[in-house]
Each structure stands twice: as C-alpha cells, then as structure tokens.
Amino acid sequence: MNGSVAYVVTTLGCLVGVAGIVVALVALRKSRKQARPAAPVDPFRDTDSDALRGDPRRLKPGDIVEIRRVSYAVRGSVHFAEGSWSWAEHLLDTVDGDKRWLSVEEDPDLELVLWTAEPAATITPGAHTLDFAGRRYTAEESGQARYTAVGSTGLDPNGTVRYHDYRTSSGERLSFEAYGQAGWEVARGEQLHRSDVMVYPQAGPGAV
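Basis of the calculations
- Residues numbered from 1 in each chain as written.
- Predicted model: local features only at pLDDT ≥ 70, side-chain atom pairs only at ≥ 80, totals over all residues.
- Heavy atoms only, no water.
- Helix = DSSP H or I, 4+ residues; strand = E, 2+ residues; numbered from the N terminus.
- Buried < 20%, exposed > 50% of the residue type's maximum accessible area, 1.4 Å probe, protein only.
- Contact = heavy atoms within 4.5 Å.
- Areas by Shrake-Rupley, 256 points an atom, 1.4 Å probe, with all protein chains shown as cover.
- Phe/Tyr/Trp six-rings, centres within 6.5 Å; stacked < 30°, edge-to-face > 60°.
- Lys NZ or Arg CZ within 6 Å of the ring centre and 35° of its normal.
- Core = buried A, V, L, I, M, F, W, Y, C linked by side-chain atoms within 4.5 Å.
- Pairing = 2+ DSSP bridges.

## Looking at the overall build of the chain
Moving on, step 1. Of the regular secondary structure elements, the chain holds two helices and 11 strands.
Moving on, step 2. Moving toward the C terminus, one meets the helices and strands of the chain in the order α-α-β-β-β-β-β-β-β-β-β-β-β.
Moving on, step 3. Per-residue burial for the chain yields a buried fraction of 31% across its 208 residues.
Moving on, step 4. The contacts of the chain with a sequence gap of at least 6 include a subset with a gap of at least 24, amounting to 49%.
Moving on, step 5. Counting only carbon and sulfur atoms, one obtains 55% of the accessible surface of the chain, whose full area is about 13600 Å².

This is the structure we're talking about:
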C-alpha cells in the first residue's frame, strides 16, 4: 500500500514538474513576442506636412483629396506588393467626371504621381526607349506584383499585374499596366510636390 502511495505521489510530482516547464515556455514565448521591435520609422519623415495637409499614405475610398486646387473624391484604392516593396494607386473622380489616378510610394522618400489614362495609345512596352506625344521616355523598371482592390476600381478584388515604367530626362512618366490576362493600359504621369496635395479624410465604416 505504501509503495502504491509513493508511486502515485512520484507520478503527480512529475506531472506538476512538466506542467511547470510548459507554463514557463509559454510565458517565455509571450515575452519574446511582446519584446519584438516595432517596424522601423523614417527619421526624416515630414510629420509636420502630414499633420497640416493630411497623410496620402492613409488614403482610402470616400476620402477627398485636393490637388492644385482641384477636389477629387477617392472612388477606389489598389494596394500592390512585390516582395518587400509595396505601393498604392487611388482612382480619383471630380464632380465633372474627370478621372485620374494618384500613386503613392515610399522609395524611401514619399513620391506622389498624378496619372492620366491614354486609352487611344497604340504603343507597347519592351524597348529601352519609347517616343510618345512628342517626348522620349527611357525604361526605368518592370516586374509583376500582386494587388488587392477596394472600392470602385473596375478590377477584381485581388489578382496580379504586370508593369513597365518609363520616364523622360525631365521627370515625366509613362506607365504600362496589364491586369491578369488583359492587354496593356497606358498612362502619362506627372510627379507632384508634397505641397500640391491636401487630404481630407472622411469618416467611414468603423471610423471613430
């Protein structure tokens, strides 16, 4: 009888010891997770402009953005990811139905480009230089990214896009994008100064 009691006591002691080790390991993992460093922040980010003029990085459907005294509503947003690189494009619309795209990218400085579609263009990408609308553009970069679309963009909620980007010596842009199996869409772009853009965030679902 005494032997049985001793066996039970020993077994319980072992179980308590194992449980203690498990609890300690869980606590250690939680502490490591909580101690994980936050994502790096650009020490030169212009937080004053963000506070005064709104943050283009946070644009979403329903917001109002003013570009050179013209007010646009954000109809939809497309967020792209290619490896560790990400950027966004926002479909803008005026009360008169003038549609543009605004691209927002940090590489590493904030870059804002206002795009105008060229639906009648017949050129295709691939060559090192292209002549279009009286300007010569030089190939800058190309690739394929995944995207997620929200709001009214005319795109599927997610998919892939191929792109080719060109620019002139003075900074004008020419972009080619092909979503899924669709053909190339052509757009001309003009880089904006940070002071050209004012963001008016609008309350939306879940907003405080």
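## What to know about the packing of aromatic side chains
Moving on, step 1. The tally for this structure, following the rule as stated, stands at eight aromatic pairs.
Moving on, step 2. Ring centres 6.5 Å apart and planes at 55° place the aromatic pair Phe 80 and Tyr 147 in the tilted group. On the criterion of sequence distance, the pair formed by Phe 80 in strand β2 (residues 70-82) and Tyr 147 in strand β7 (residues 135-151) is long-range, its members being 67 residues apart.
Moving on, step 3. Between the aromatic rings of Tyr 166 and Phe 176, the centroid separation amounts to 5.8 Å while the plane-to-plane angle is 70°, which identifies the pairing as edge-to-face. Taken together, the residues Tyr 166 in strand β8 (residues 158-167) and Phe 176 in strand β9 (residues 173-179) connect sequence positions 10 residues apart.
Moving on, step 4. Since its relative accessible area comes to 0%, Phe 176 is described here as buried.
Moving on, step 5. Through a chain of ring-to-ring contacts, the aromatic side chains of Phe 80, Trp 85, Trp 87, Tyr 147, Tyr 163 and Tyr 179 assemble into a single cluster.
Moving on, step 6. Geometry around Trp 184 places Arg 162 over its ring, the cationic atom sitting 4.9 Å from the centre.

## Let's talk about the nonpolar core
Moving on, step 1. Counting residues in hydrophobic clusters, the biggest one holds 13 residues, and the most contacted among them are Val 65, Ile 67, Leu 92, Leu 102, Leu 192 and Val 197.
Moving on, step 2. The set of elements that each furnish at least two residues to this core consists of β1 (64-67), β2, β4 (99-106), β5 (110-117) and β11 (197-200).
Moving on, step 3. What Val 197 contacts, discounting residues up to four positions off in sequence, is Arg 53, Val 65, Glu 66, Ile 67, Leu 112 and Leu 192.
Moving on, step 4. Among the nonpolar cores identified, the runner-up in size contains 10 residues, and Val 78, Trp 85, Trp 87 and Val 161 belong to it.

## Overview of unusual backbone geometry
Note on backbone geometry: most residues besides glycine have negative phi, and most peptide bonds are trans.
Moving on, step 1. Omega for the bond connecting Asp 107 with Pro 108 falls within 30 degrees of zero, at -10°, which places this linkage in the cis form.
Moving on, step 2. Relative to the helices and strands, Pro 108 resides in the loop between β4 and β5.
Moving on, step 3. Although it is not a glycine, Arg 68 sits at a positive phi angle of roughly 50°.

## Details of the side chain of His 90
Moving on, step 1. Here His 90 lies in strand β3 (residues 85-93).
Moving on, step 2. With residues up to four places along the chain from it excluded, the contact list for His 90 reads Pro 56, Leu 59, Val 74, Gly 76, Ser 77, Arg 100, Trp 101, Leu 102 and Val 104.

## Overview of the pairing of β4
Moving on, step 1. When β3 meets β4, the two strands line up antiparallel, connected through seven bridges. Bridge pairing links Glu 89 to Ser 103 in β4.
Moving on, step 2. The antiparallel pairing of β3 with β4 creates a hairpin that spans five residues between the two strands, and Gly 97 there sits at a positive phi of about 85°.
Moving on, step 3. As defined by bridge partners, β4 adjoins β5 across six bridges and the pair is classed as antiparallel. Within β5, the position partnered with Trp 101 by the bridge is Trp 115.
Moving on, step 4. Hairpin remark: β4 followed by β5, antiparallel, with three residues in the connecting loop.

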